[in-house]
Every structure is written in C-alpha cells, then in structure tokens.
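# Tertiary structure, described
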Amino acid sequence: MALRFDENDMKALEKIRERYPNNTACTLPFLHYAQDRFGYVSDDVIKLVAETLNLPVAHVLNVATFYTMFNKKPVGKYHLQVCTNISCSLLGARRLVDKLEEILGIKPGETTDDGMFTITEVECLGSCGTAPVIQVNETYFENLDEKKVEDLIESLRKGELDV
Amino acid sequence: MSEIVLFKHLIDPEVRNIENYIKLGGYEGLKKALSMNPDEIIEEVKRSNLRGRGGAGFPTGLKWSFMPKGEGQKYFVCNADEGEPGTFKDRYIMSENPHQLVEGMVIGGYAIGASVGYIYIRGEFEFVAKTVQKAIDEAYNQGFLGKNILDSGFDFDLYIHLGAGAYICGEETGLINSLEGKTGKPRLKPPFPAQYGVFGKPTTVNNVETIACVPDIIRRGADWFLTIGPDKNNGTKIFAVSGHVNNPGVFELPMGTPLREIIYEHAGGIIGGKKLKAVIPGGSSAPVLGPEHLDIPMDFDSLKKVGSMLGSGAIVVMSEDTCIVEAFTRLARFYAHESCGQCTPCREGTPWMYKIMKRIEDGNGKKGDVDLLLDICKNIMGRTICPLGDAAVLCIKGAIERFRDEFEYHIEHKKCMVDNKIPIF
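What this report covers is the structure whose coordinates are included nearby. (Residues numbered from 1 in each chain as written. Chains lettered and ligands numbered in written order. Predicted model: local features only at pLDDT ≥ 70, side-chain atom pairs only at ≥ 80, totals over all residues. Heavy atoms only, no water.)

Here the focus is the pattern of salt bridges. What the rule picks out here adds up to 41 salt bridges over all chains. Measuring nitrogen to oxygen at the nearest pair gives 3.5 Å for the salt bridge that ties R37 of chain A to D6 of chain A. Placement of R37 of chain A in helix α2 (residues 27-38) and of D6 of chain A in the segment before α1 (7-17) is noted, with a sequence separation of 31 residues between them. One salt bridge in this structure joins K99 of chain A and E102 of chain A, with 3.5 Å as the shortest N-O distance. Pair noted here: K99 of chain A and E102 of chain A are both in helix α6 (residues 93-104), with a separation of three residues, about one helical turn. Residue class for E102 of chain A comes out exposed when judged on its relative accessible area of 60%. Through salt bridges with shared partners, a single ionic network connects K89, D90, E209 and K237 of chain B. (Salt bridge = Lys/Arg side-chain N within 4 Å of Asp/Glu carboxyl O. Helix = DSSP H or I, 4+ residues; strand = E, 2+ residues; numbered from the N terminus. Buried < 20%, exposed > 50% of the residue type's maximum accessible area, 1.4 Å probe, protein only.)

What follows covers unusual backbone geometry. Put simply, A131 of chain A and P132 of chain A share a cis peptide bond, and its omega is -5°. With respect to the helices, strands and loops of the structure, P132 of chain A is situated in the loop between β2 (117-122) and β3 (134-136). Residue P190 of chain B follows K189 of chain B across a cis peptide bond; omega there is -5°. Along the polypeptide, P190 of chain B turns up in the loop between α8 (172-179) and β4 (203-207). If you check the backbone angles, Y27 of chain B has positive phi at about 65° while not being a glycine. Relative to the assigned elements, Y27 of chain B resides in the loop between α1 (18-23) and α2 (28-34).

Let's shift gears to the sheet that holds strand β3 (residues 157-162) of chain B. Residue and element names in this part refer to chain B. What the four strands build is an open sheet, ordered β3-β2-β1-β4; its pairing is parallel. In the strand order of this sheet, the two ends are held by β3 and β4, each with one partner. Strand-to-strand twist in this sheet, taken as the mean axis angle between neighbours without regard to direction, amounts to 20°. Two strands pair when backbone bridges link them, and strand β1 (residues 75-80) and β4 are joined in this way by five bridges, in the parallel orientation. Within β4, the residue paired with Y75 across the bridge is T203. Sheet strands in contact with helix α6 (residues 98-112) are β1, β2 (116-121), β3 and β4, and its direction is about 145° off that of β1. Against the sheet, helix α7 (residues 126-141) makes contact with β2 and β3, and its axis sits at roughly 170° relative to β3, the strand it touches most. (Pairing = 2+ DSSP bridges. Axes fitted to C-alpha atoms, helices over the stretch in contact; angles between N-to-C directions. Contact = heavy atoms within 4.5 Å.)

Structural measurements only, silent on function.
Listed below in structure tokens is the structure:
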C-alpha cells in the first residue's frame with residue numbers, strides 16, 4: 001500500500017519548507033520527519049518524500065543512503081547505538097557491546113526476534129567526557145558500565161523509560 | 001578563577017533562560033553592535049585575534065572580511081556538527097548557554113550582511129537542538145531576531161538544520177552541500193564559500209565556540225579579549241578532556257594553559273595513578289604527543305611548533321595500559337568509515353590503512369607493513385579535495401612516528417607488548 005502524509009503531516013512539513021529557499025534543501029528534514037512517522041526509511045518512504053518535494057527519487061535515495069542515521073531497514077523498538085570510538089573504547093565500550101550480545105543474543109547490526117532491540121556500533125557521539133555512552137533512540141545514556149547496561153535493558157523491557 | 005566567557009552556566013546555572021542571560025549582560029553586545037557599522041564590528045573582531053575554534057584556527061575577522069559588500073542574499077552558518085573524535089565542547093555551550101550562540105549569530109549576521117542564519121547541528125544532538133530552538137524562540141519574542149531587530153532596520157532569521165550522521169559534514173563545504181539537501185561531499189575551493197556558498201550565495205561558516213566568543217568581544221571590547229591568553233592566540237578555550245583521567249569533562253581556561261595543568265589539575269590526573277603514555281591534544285586528527293610534551297602551552301602556535309595542532313581542543317589521554325596499535329587501528333577504522341568516497345586516495349587509502357593496521361593488531365602483520373603504511377600516507381597527503389584524508393594521515397603517521405617500536409613489536413612477536421589492557425576490538 002502506498003504511504004501518504006496526512007493533513008497534520010503536511011502542515012508540519014510546510015512549516016519546515018518555509019525555512020529554506022528551495023525544495024531540495026528540505027530533503028534531510030523531510031527524511032527525518034518521515035523516519036519518525038513511519039519507523040524507517042523504506043523504498044516507499046523515499047518515493048513519498050520525493051513526490052512530496054517534487055524531486056527525483058534518485059536524489060532522495062542518494063541522500064538517504066549517504067547518511068547513517070536514516071535506517072534503510074526496520075530497527076527494533078529500542079535502537080541501541082553503542083559508541084566504540086576512541087574515548088568510549090578506552091573506557092570499555094567493547095565490554096558493553098559484549099554484554100549486550102550476551103543479554104540479547106544478537107550481534108551488532110541485528111534485531112531481536114521480538115522486534116524490541118537492535119544493536120548498532122556507531123562512531124563518536126560527542127559524549128567523550130561521559131564515556132562510555134549508548135544512544136537509545138534519541139536519548140543518551142552516559143557513564144555506563146556492564147551493570148548499568150543490564151539495568152538499562154531491564155528498564156527498557158519493562159517500558160519504564162521514555163526514550 | 002580564570003575568566004569565564006562561554007560557560008556562563010558556571011555563574012548562573014539557569015542562564016539558558018533569556019532573563020537570566022540578560023542579567024549577566026546578555027544581548028548588550030548585540031545592542032552595541034547595532035549602533036556600530038558592520039565594518040567596525042569586523043575590525044573589532046580582527047583586532048581581538050579571535051581564531052576559529054573548530055580546528056583550523058583561521059582568524060575570524062579576516063574570514064568575515066572576505067564577504068562581498070553591498071546588497072544581495074548572504075548567509076551566516078554555524079557549524080555545530082561536532083564529530084571529531086574526542087570533541088564534546090560545543091554541545092555544552094548549546095545545552096547550557098545557548099543564548100551566547102544565538103546572540104553571536106545575530107551580531108555575525110549583521111557584520112557580514114546576512115539576513116538568514118542556519119545552525120547546522122549533528123542529528124544525534126536532537127536533544128541539544130531542542131534547547132537551542134527554545135532559545136531562538138525566546139530571542140524572537142524579545143525582538144532580538146526577526147524583522148527590524150531593536151528598531152535598527154536589520155532583519156535576521158535563524159533556523160536549525162539537523163544533520164544525519166556523517167563526520168564529513170563538519171568540513172565547511174560538505175556542510176554547505178548537506179544544508180542544501182545533498183550528500184555531504186566537500187567542494188573544490190575556489191570558489192570559497194564567501195563567493196559561492198550555501199544556495200550559491202556568499203556564506204560564512206564558523207564553529208559554535210567561535211561565534212559564542214563574539215558577544216563578549218563586542219560588549220567588553222577587543223582590548224579586554226587581548227588580555228586573555230598568549231599573543232595571537234587570545235581568549236579562553238574550552239578543553240574537552242576524555243580517556244584515562246579521573247575527572248573527564250569540559251574546562252574553559254585561558255588559551256595557552258599548560259597541558260600538564262589541564263590533565264593533572266582540572267581533569268584530576270591519570271586513573272589509578274598510572275603513567276601517561278600518549279595524549280592526543282586536539283581531536284583524533286591531531287598528531288599524538290608523549291609525556292615529554294606536558295609543559296606545552298595549549299594554543300594554536302605552540303602546538304604547531306611541536307608538529308601537532310590545537311584542533312578542536314579535545315584532549316584524549318591514554319595511560320601506560322593502552323596498546324597504541326589497537327587504539328589507532330580503531331581510529332583508522334573511523335576514517336575509513338567516514339571517507340565520503342569522492343577522491344580516490346582517501347576512498348582507497350583509508351580502508352587499506354585500516355586493513356593493514358588491523359592485521360598488525362591481530363598478530364598477522366608482515367615485515368614491511370609499517371613502511372607500507374607510511375607510503376600510503378605519503379600518497380594520500382595533500383591529494384584530496386578536503387582535509388579528511390590529511391586528517392587520517394596525521395593521526396596514523398603521528399602514531400607510527402612516535403610509537404614505531406610498538407608496531408614492530410606486534411609484527412615480530414605477533415602479540416601486544418601491553419598487559420592488562422581494556423580490549424578495544
């Protein structure tokens with residue numbers, strides 16, 4: 001079924017459009033909006049954004065595949081993005097990844113069968129002074145260790161955290 | 001207590017609210033600026049010796065003076081893409097003292113003749129962007145943004161643009177392309193952004209910390225700014241310290257503060273009282289230094305003299321328990337991942353360097369691998385459109401030159417010379 005933006009979406013998108021002198025400049029903000037709205041950037045989302053902006057599908061596809069934050073396949077309800085760059089790694093980010101693999105039974109790049117969790121190793125999140133860090137959806141969890149990771153997963157499973 | 005220019009939340013924790021910011025002299029700089037003519041502002045910023053805090057250290061006033069005079073659409077863009085590994089300073093200016101940036105944007109916009117500004121914030125910092133947006137909304141309500149600001153006849157609109165996860169967009173022309181809704185591949189220069197920038201119009205791009213210095217320079221005068229820090233390196237600098245220290249964090253200190261004082265006093269020294277082995281002084285692209293450099297003043301010119309750079313002022317500390325080969329192999333992977341793929345030497349060279357370093361790290365290194373790495377470095381350096389390739393070279397070559405024995409040990413003994421390390425891979 002073809003996706004569509006409803007009236008409320010269009011209002012929000014028109015407000016975004018006002019910030020820029022042309023449609024092309026809206027590509028990133030519209031993709032962000034669509035990813036929030038539809039969960040991930042599927043081929044249908046790319047077509048929808050292209051149609052809405054009256055831009056070639058190839059342009060939107062090119063942009064969507066260049067940037068790492070646009071998920072081209074579905075991710076779990078909780079997207080666990082573990083920074084493994086230098087400052088986090090110096091303080092044990094690898095052990096956090098190992099711990100997550102152990103608890104969830106998946107590797108980075110994979111999603112649990114129940115669709116709850118996806119693990120991704122990411123580059124520097126700009127949280128080096130509070131390393132190691134995991135970004136869950138849009139929220140940073142900082143100064144982590146293995147025990148705190150266990151607690152974090154437990155809380156997420158119980159739906160106790162708004163991320 | 002040293003002078004506070006940027007981290008005013010240390011004076012008033014609620015300074016992110018506009019009323020609190022105004023109580024500390026906020027928007028006085030803007031009022032004064034609007035009573036001056038734009039060229040006078042540029043002259044004052046030039047005289048202050050303010051240099052770009054994003055990494056390059058280019059004189060800000062001079063950069064502003066490159067903008068063409070006269071009518072026509074121009075843009076003022078803030079680079080808040082903060083992605084250089086080890087760097088986490090702009091984040092705190094934006095989340096704790098956002099009006100400092102907003103005020104700087106309006107003053108800068110007036111000085112260069114721009115009527116629209118964009119703050120390009122990395123996508124992961126959406127939570128930070130919300131705080132900045134609130135500050136922008138407050139500034140509109142108080143008449144510091146929008147039409148006819150403070151009855152001066154000057155119009156300036158300010159918008160946030162979120163990135164989407166690409167280190168390369170921290171390069172100013174990559175950022176411009178990304179702001180235009182394209183892939184963030186850097187452009188050949190010339191033309192420079194001041195001639196042909198965002199949407200084909202004259203544009204100035206400055207880092208958050210740079211722009212945040214401007215309100216106080218205008219309000220208190222260049223002469224005051226010149227009293228802080230060494231000659232030609234004036235002002236305060238936010239040093240972001242991470243890695244093996246007891247008290248990691250951000251510290252606003254006078255430019256030229258000795259590295260030793262930053263690591264051992266402000267950041268609390270090395271975890272477990274261990275020995276310092278290596279320190280990256282300015283984000284991952286700055287060549288690594290050793291304990292013999294601890295007395296160096298942390299400023300642009302002093303670091304250049306020892307073959308490194310101040311970069312973003314991000315200090316990554318590594319204790320004696322660090323395997324240099326492993327740590328820098330991780331950084332090699334970063335550059336390989338972030339190369340935009342546009343220029344052959346960088347696209348092919350960065351993954352190749354990672355592959356060689358990973359095999360050395362894994363104990364499968366071959367005799368001659370170190371020289372091969374240096375040869376690849378030679379063939380990337382200076383042969384690409386943007387400095388990402390150069391950055392990868394500075395990082396990796398710096399590590400090899402200082403710690404060549406560790407690389408050779410790995411190759412010869414097929415193992416690491418460091419015990420008890422925290423594994424990175």
